[in-house]
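Spelled out, the chains give:
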Amino acid sequence: MSRVGTWEIGEIKFPFSEAVRFSLENIKKRFTRAAITAASVVLGIAFMNSLMMMAAINQQVSGMGGIELYQYWLLFISLLVCAVGITNSMLIAVTERYKEIGTWKTLGALDKHVLELFLIEASLIGLIGGLVGYIAGLVAAVIYGAVFQGAPMDKISSAFFGTKMVPLPLPTAPALLVLSLVVAVGISLAASLYPAYKGAKLEPAVAFRFEV
Amino acid sequence: MRYEYTVETEDLAKYYYMGKYVVKALDGINLRVRRGEYLSIMGPSGSGKTTLFNMIGGLDRPTRGRVYIDEVDISKLDAYELAWLRCRKIGYVFQTFNLIPVLTALENVMLPMIFAGVPREQRIKKAIELLNAVGLGDRLHHKPGELSGGQQQRVAIARALANDPAIVLADEPTGNLDLNTGLEIINLMRTLNKEKGVTVITATHDLKMIDVSDRIVYIRDGKIERIETRAEVAVEA
Ligand SMILES: Nc1ncnc2c1ncn2[C@@H]1O[C@H](COP(=O)(O)OP(=O)(O)OP(=O)(O)O)[C@@H](O)[C@H]1O
Ligand SMILES: [Mg+2]
């Protein structure tokens, strides 16, 4: 690396595996905070899945219909609300950890390492929230189909796996799973970018003065 | 390892501009700290101890003047070099311990060695050695919340020594501890200073610290008021 005076400035390392481990510890040990953040994801993703799957069940029952434009608008707004919720929750999480961020930095962490820690955490929360939201959305759709539409099980199953011809193709349950996880992680990451950046930029002296 | 002075400050100043007025937290500090020295910085609350600690530790930038560590002007370092300095040259001990709460004692001590790129087996071995040396060999897997204040501070001292730093900087390390626990921590730092030859600089109002210090720097209103070496202190006492 470089030389400064008589110092041989060596490499600063932070293996990805370690970063993931620390992020997991954080989620486990600060479960309430992580759960609040994940709740935003769960709600948004559950809404997306129920909307899509209810439409698919309707198609199976009545042989027509799809998703109206205004429903996409609703979906968009709900995901936006979900993103704002995540940003808010992550901002609080970062603020709660000012002292800890300062400490990481005194031990040798670079800005990008702090950023990495928060973004990995956001991805994991997105992943978990996405999975739970997916399940919740499908459960809601099944209840809707069976109880409110009186749809028989085979029609619900067709809606899930797309075996019967329908006027408009809608995503099947497996496709929705992939979509849910991608959207959940994407939103969680995007919404955490600003809070994580804010934490990463923090100078130790400023971080330690805060609250004290 | 050849320099006579591990730390040197030159007309060091830090001003805070608060609207109309200026708070001169440090105002022209000239200080030289010898290698292996145990130096205490004493002064009333608000005299600038923490500010000086931050400047020497590369945790904040001065308004004026310079800090040299091993004769390197640290204001010339970029973010990467500064992180390396914090990781390899300086160990920090704080009044509030500042351990990572979700990690065990062992993991806390290993953390600086991860950044330094020490292989895993070696990290574990060294961390256990250090925790043994501070008397916590039987608390390796405890989290900070499961340790007493004195024990947490021992972990922090072990962590500060993880990468064999040239300097251990401590800001009121006994400030949150009772009399006896504080004394234990002071003796521990003195022992490590003697055995490992590591330079120790502590900011403190703890008078117990006087007995172990080679020199005491008294500061007031951001200026050095006087410096006493141990011989003088002993004579006065
Ligand atoms: N970020 C800041 N903004 C404004 N003023 C500051 C800031 N940091 C420190 N000061 C001021 O600088 C002076 C020195 O503060 P410092 O924290 O260094 O004192 P100290 O000697 O460590 O005190 P204590 O013993 O209470 O910890 C104080 O008057 C303080 O109010
Ligand atoms: Mg202070």
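(A) Focus on the overall build of chain B. The secondary structure content of chain B amounts to 7 helices and 10 strands. Relative to the 2.2 N^0.38 estimate, which gives 18 Å for 237 residues, the radius of gyration of chain B is 18 Å and therefore close to what a compact globule would have. In terms of its C-alpha atoms, chain B occupies a principal-axis envelope of roughly 50 × 45 × 40 Å. When contacts within chain B are restricted to residue pairs at least 6 apart in sequence, those whose partners lie at least 24 apart make up 69%. For chain B, the exposed area adds up to about 10,100 Å²; of that, 50% sits on carbon and sulfur atoms. The distance from the centre of the 32 positive side-chain charges to the centre of the 31 negative ones in chain B is 3 Å.

(B) Broad picture of the interface of chain B and chain A. Tallying the contact residues gives 36 residues for chain B and 36 residues for chain A. Taken together, the two surfaces of chain B and chain A that pack against each other cover about 3,200 Å², and 67% of this comes from carbon and sulfur. Of all residues in chain B, Tyr 80, Trp 84 and Phe 115 of chain B bury the most surface against chain A, accounting for 24% of the area lost on that side. Where chain B meets chain A, there are 3 salt bridges. For Arg 21 of chain A, the salt bridge identified is with Glu 107 of chain B, shortest N-O distance 3.1 Å. Counting only elements with at least two residues in the side of chain B that touches chain A, the list comes to helix H2 (79–88), strand S6 (90–94), helix H3 (105–115) and helix H4 (120–133) of chain B. For the side of chain B that touches chain A, the leading source of residues is H2 of chain B, giving 8 residues. Here the side of chain B that touches chain A is built from residues that sort into 21 nonpolar, 4 polar and 11 charged.

(C) Main features of the confidence of the model for chain A. Scored by pLDDT, chain A has a mean of 92; 96% of the residues are at 70 or more. Within chain A, no element has a lower average pLDDT than strand S1 (residues 2–4) of chain A, which sits at 85, and none a higher one than helix H7 (residues 173–200) of chain A, at 97.

(D) How the structure looks around H3 of chain B. By the criterion of burial, H3 of chain B is predominantly enclosed, with 11 of the 11 residues buried. Buried within H3 of chain B are the following residues: Ala 105, Leu 106, Glu 107, Asn 108, Val 109, Met 110, Leu 111, Pro 112, Met 113, Ile 114 and Phe 115 of chain B. Buried residues along H3 of chain B sit against helix H1 (16–29), helix H4 (98–106) and helix H5 (111–148) of chain A together with H2, H4 and helix H5 (149–160) of chain B. Following H3 of chain B by one or two positions, Gly 117 of chain B adopts a phi angle in the positive range, close to 80°.

(E) Main features of the sheet that holds strand S2 (residues 21–34) of chain B. All names here are of chain B. Spatially, the 4 strands line up as an open sheet ordered S2-S1-S4-S5, and their pairing is antiparallel. Where the open sheet ends on each side, the last strands, each with one partner, are S2 and strand S5 (72–73). In this sheet, strand S4 (residues 64–69) lies alongside strand S1 (residues 5–18) in antiparallel orientation, the contact comprising 5 bridges. Of the residues in S4, the one forming a bridge with Val 7 is Ile 69. Strands S1, S2 and S4 of the sheet are contacted by helix H1 (residues 49–56), whose axis makes an angle of about 125° with S1.

(F) Structural context of the sheet that holds strand S3 (residues 38–42) of chain B. Residues and elements named next belong to chain B. In space, the 6 strands of this open sheet follow the order S6-S7-S8-S3-S9-S10, with mixed pairing throughout. Strand pairing shows two members of the sheet lacking a second neighbour, S6 and strand S10 (223–229), which therefore form its edges. Each adjacent strand pair in this sheet contributes to an overall mean axis angle of 15°, direction not counted. As paired elements, strand S7 (residues 167–171) and strand S8 (residues 199–204) share 5 bridges and run parallel to each other. Looking across to S8, one finds that Val 168 is bridged to Val 200.

(G) Structural view of the nonpolar core. Grouped together as the largest cluster of nonpolar side chains are 139 residues, with contacts concentrated most on Met 53 and Trp 104 of chain A together with Ile 69, Leu 111, Phe 115, Leu 131 and Ile 157 of chain B. Residues in contact with Ile 157 of chain B, not counting those within four places in the same chain, are Val 93, Val 134, Ile 185, Leu 188, Met 189 and Leu 192 of chain B.

(H) Structural detail: the pattern of salt bridges. Residues and elements named next belong to chain A. Taken as a whole, this structure holds 31 salt bridges over all chains when the rule is applied. The partner of Glu 96 in a salt bridge is Arg 33, with the nearest N and O atoms 3.4 Å apart. Of this pair, Glu 96 sits in helix H3 (residues 69–96) while Arg 33 sits in helix H2 (residues 31–62), placing them 63 residues apart in sequence. We classify Glu 96 as partly exposed; its relative accessible area is 49%.

(I) Region of the structure containing a nonpolar patch on the surface. Residues Leu 131, Ile 135, Val 139, Ile 143, Val 147 and Phe 148 of chain A make up a contiguous nonpolar surface patch of roughly 600 Å² in combined accessible area. Mapped onto the fold, Val 147 of chain A is located in helix H5.

(J) Representation of the side chain of Thr 202 of chain B in the model. Here Thr 202 of chain B lies in strand S8. Judged by its relative accessible area of 0%, Thr 202 of chain B is buried.

(K) Examining the site of ligand 1 more closely. Taken together, 15 residues are adjacent to ligand 1, and Ser 45, Gly 46, Lys 49, Thr 50 and Thr 51 of chain B come closest. Surrounding ligand 1 are residues belonging to chains A and B, so the site spans chains. One of the backbone N or O atoms of Gly 48 of chain B is found 3.0 Å from an oxygen atom in ligand 1. Within the side chain of Lys 49 of chain B, an N or O atom sits 2.8 Å from an oxygen atom of ligand 1.

(L) Broad picture of the packing of H5 of chain B against helix H6 (residues 179–196) of chain B. All names here are of chain B. Contact geometry for H5 and H6: axes closest at 10 Å, N-to-C directions at 15°. If you check the angle between H5 and H6, you find them roughly parallel. Every pair of crossing elements has a handedness; the one defined by H5 and H6 is right-handed. Contacts between H5 and H6 involve Gly 150, Gln 153, Arg 154 and Ile 157 from the former and Thr 181, Glu 184, Ile 185, Leu 188, Met 189 and Leu 192 from the latter.

(M) Here's a closer look at unusual backbone geometry. All names here are of chain B. In the Ramachandran plot, Asn 98 falls in the positive-phi region, its phi being about 55° despite a non-glycine side chain. One can find Asn 98 in the loop between S6 and H3. At Asp 164, a position not held by glycine, the phi torsion is positive, near 45°. Here Asp 164 shows up in the loop between H5 and S7.

Definitions and cut-offs
Residues numbered from 1 in each chain as written. Chains lettered and ligands numbered in written order. Predicted model: local features only at pLDDT ≥ 70, side-chain atom pairs only at ≥ 80, totals over all residues. Heavy atoms only, no water. Helix = DSSP H or I, 4+ residues; strand = E, 2+ residues; numbered from the N terminus. Rg over C-alpha atoms; globule rule 2.2 N^0.38 Å. Contact = heavy atoms within 4.5 Å. Areas by Shrake-Rupley, 256 points an atom, 1.4 Å probe, with all protein chains shown as cover. Lys, Arg positive; Asp, Glu negative; His and termini not counted. Charge placed at Lys NZ, Arg CZ, Asp CG, Glu CD. Buried area = accessible area lost by both parts, 1.4 Å probe. Salt bridge = Lys/Arg side-chain N within 4 Å of Asp/Glu carboxyl O. Nonpolar A, V, L, I, M, F, W, Y, C, P; charged D, E, K, R; others polar. pLDDT = per-residue confidence, 0-100. Buried < 20%, exposed > 50% of the residue type's maximum accessible area, 1.4 Å probe, protein only. Pairing = 2+ DSSP bridges. Axes fitted to C-alpha atoms, helices over the stretch in contact; angles between N-to-C directions. Core = buried A, V, L, I, M, F, W, Y, C linked by side-chain atoms within 4.5 Å. Patch = residues over 30% accessible without salt bridge, like charges linked within 9 Å, V, L, I, M, F, W, Y side chains within 5 Å. Near = heavy atom within 4 Å. Polar contact = N/O pair within 3.5 Å; in protein donor to acceptor, adjacent residues only side chain to side chain. Parallel < 35°, antiparallel > 145°, perpendicular 65-115°, else oblique. Left-handed = near helix turned anticlockwise from the far one by under 90°.

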